[in-house]
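Structural overview for review
What follows is each chain in one-letter form.
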Amino acid sequence: MIVAEQKPLKEIIAMTSPFKKLLIVGCNECVTVCHAGGRKEVEQLAAALAMAAQKDGRPLEIKEVTLERCCDPEYIEQVRPFIDQYEAVLSCACSVGTQYFADTYPTKWALPALNTSFMGGSLAQGIWAERCAGCGNCILHETGGICPIARCSKRMLNGPCGGSTGGHCEVNPDIPCGWQLIWDRLVALGRTPDYAKIMAAKDWNTSRDGGPRKIVREDLTI
Amino acid sequence: MSEAFEPTIIAYTCHFCPYEMADKAGEQGLSYPTNVSIIEVPCTGRIDVIHLLRAFQDGADGVYVVACKEGECHHKTGNLVAKKRLQYTKKILDDLEIGSERLEMRYIMTGEVPHFARIAQEMTDKIRALGPNPVKNGGAAHKA
């Protein structure tokens, strides 16, 4: 899933304070699961912004709505009947959703309430970690199912750097060395000879080096 | 700040040790300030951030949560969950410049009947000294 976290409240207050009528939109997908922008977080944020306005003596009308998904046009359309009553949309979706609002409603301000952080999953309740960097050319079958692009701080392809110490990364000792994890997996799988295979330099054209990416499935288009 | 200021205080109170002690305080004729309104909850772990924020949004000058002592929760960890949510809410209150000191957590064990009245008095004195919740003095913000 996409993992995000709410921006500092003061930053959100500053970006929303010019507006008197605000539509706060949450998303029922990834940001609900990572407790950043679901219905509950929308409710909390609305209460906080209402209090900030009340305290400053600013009039502020807020409507809260949480859509099933903010990265599909049909759901973004659901706010069309009432969006004209509001000056701006404060999106509690990931940055994809925020941009969908900007694209769909060109005359409305689309403001991000979240910092979209990474693609990952939960390690435990309240803890999330990055697992995919979206490089566009998966090599997990060659690295024991551990991604060296997302989990090695230097995105090394052929073993660890000299900063790997005791299984930890030199960037931050709280980060496990990605290549130590790969080695441990290869040992567990009985595939340690795979470690000696040299991986060619990665073609980053499938990543951001090729510009913004798009996938077209002709068999699905209407 | 007017000397006549009388704070409105909400006390989210766990159904088990704390509420029982509040009940017994009444039975024993122990008085506590009328500023405090008790909201009984099945466990302080049920209290969410929004419940605390709503109290301030609706005009409370102070809010406190009365939980069973750590290690004594009838639901094992409800009071520990509540403690973390209070910390999270305190940060919001500071960001809003309402003041995190208006929100407190207190603990009561079974048998500590006078403690309930004492906490109520302490909180009332503290909030009275802090003055009114600044949200109350503001403009016409409202939720659609």
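Procedures and definitions
Residues numbered from 1 in each chain as written. Chains lettered and ligands numbered in written order. Predicted model: local features only at pLDDT ≥ 70, side-chain atom pairs only at ≥ 80, totals over all residues. Heavy atoms only, no water. Contact = heavy atoms within 4.5 Å. Buried area = accessible area lost by both parts, 1.4 Å probe. Salt bridge = Lys/Arg side-chain N within 4 Å of Asp/Glu carboxyl O. Polar contact = N/O pair within 3.5 Å; in protein donor to acceptor, adjacent residues only side chain to side chain. Helix = DSSP H or I, 4+ residues; strand = E, 2+ residues; numbered from the N terminus. Nonpolar A, V, L, I, M, F, W, Y, C, P; charged D, E, K, R; others polar. Buried < 20%, exposed > 50% of the residue type's maximum accessible area, 1.4 Å probe, protein only. Patch = residues over 30% accessible without salt bridge, like charges linked within 9 Å, V, L, I, M, F, W, Y side chains within 5 Å. Areas by Shrake-Rupley, 256 points an atom, 1.4 Å probe, with all protein chains shown as cover. Pairing = 2+ DSSP bridges. Axes fitted to C-alpha atoms, helices over the stretch in contact; angles between N-to-C directions. Domains from an automatic or database assignment. Disulfide = S-S within 2.5 Å.

1. Concerning the interface of chain B and chain A
It is common to give the size of an interface as the accessible area lost on bringing the parts into contact. If you look at the interface, chain B gives 21 residues, while chain A gives 21 residues. Summing both partners gives a buried area of about 2,000 Å² for chain B against chain A, and 61% of it is carried by carbon and sulfur. At the surface where chain B touches chain A, the tally comes to four salt bridges. In this structure, the salt-bridge partner of E43 of chain A is R54 of chain B, at a minimum N-O distance of 3.4 Å. Remark: the boundary between chain B and chain A carries three residue pairs in polar contact (both at pLDDT 80 or more). For the side of chain B that touches chain A, the secondary structure elements donating two or more residues are α2 (49-57), α3 (78-95) and β5 (142-143) of chain B. Looking at the side of chain B that touches chain A, the element that brings in the most residues is α2 of chain B, giving six residues. When the residues that make up the side of chain B that touches chain A are grouped by side-chain class, the tally is 12 nonpolar, four polar and five charged.

2. Side note on the pattern of salt bridges
Using the criterion set out here, one finds 24 salt bridges over all chains in the structure. As a salt-bridge pair, E77 of chain A and R80 of chain A come within 2.6 Å of each other at their nearest N and O atoms. Overall, the relative accessible area of 40% leaves R80 of chain A in the partly exposed class. Salt bridges linked by common partners bring K10, K55, D56 and R58 of chain A together with E97 of chain B together as one network.

3. Topic: a nonpolar patch on the surface
Together, W183, V187 and Y195 of chain A give the surface a local cluster of nonpolar side chains, amounting to about 260 Å² of exposed area. Mapped onto the secondary structure, V187 of chain A falls in helix α8 (residues 178-189).

4. Thoughts on the sheet that holds strand β3 (residues 62-68) of chain B
Residue and element names in this part refer to chain B. Strand order in the open sheet made by the four strands is β2-β1-β3-β4, with parallel pairing throughout. Pairing within the sheet leaves two strands with one partner each, and these edge strands are β2 (36-41) and β4 (103-108). Neighbour to neighbour, the strand axes of the sheet diverge by 25 degrees on average, direction disregarded. The sheet contacts of α3 involve β3 and β4, and relative to β4 the element is tilted by about 160 degrees.

5. Re the domain arrangement of chain A
You can read the domains of chain A as domain 1 (2-117) and domain 2 (135-210). Between domain 1 of chain A and domain 2 of chain A, the C-alpha centre-to-centre distance is 37 Å.

6. Observations concerning the sheet that holds strand β6 (residues 114-124) of chain A
Residue and element names in this part refer to chain A. The strand order across the open sheet formed by three strands is β1-β6-β7, and the pairing between neighbours is antiparallel. Every other strand in the sheet has two partners, leaving β1 (2-6) and β7 (127-132) as the edge strands with one partner each. Between one strand axis and the next, the sheet turns through 70 degrees on average, direction left out of account. Inspection of the sheet shows β6 paired to β7 by five bridges, in the antiparallel sense. Looking at β7, one finds that M119 is bridged to C132.

7. What about the state of the cysteines?
Residue and element names in this part refer to chain A. Within the structure shown, the criterion is met by zero disulfides over all chains. Considering cysteine sulfurs only, C27 is the nearest to C71, which forms no disulfide, with 6.2 Å between them. Assessed through its relative accessible area of 36%, C71 is described here as partly exposed. Free cysteine C161: the closest other cysteine sulfur is in C152, separated by 6.3 Å. Assessed through its relative accessible area of 22%, C161 is described here as partly exposed.

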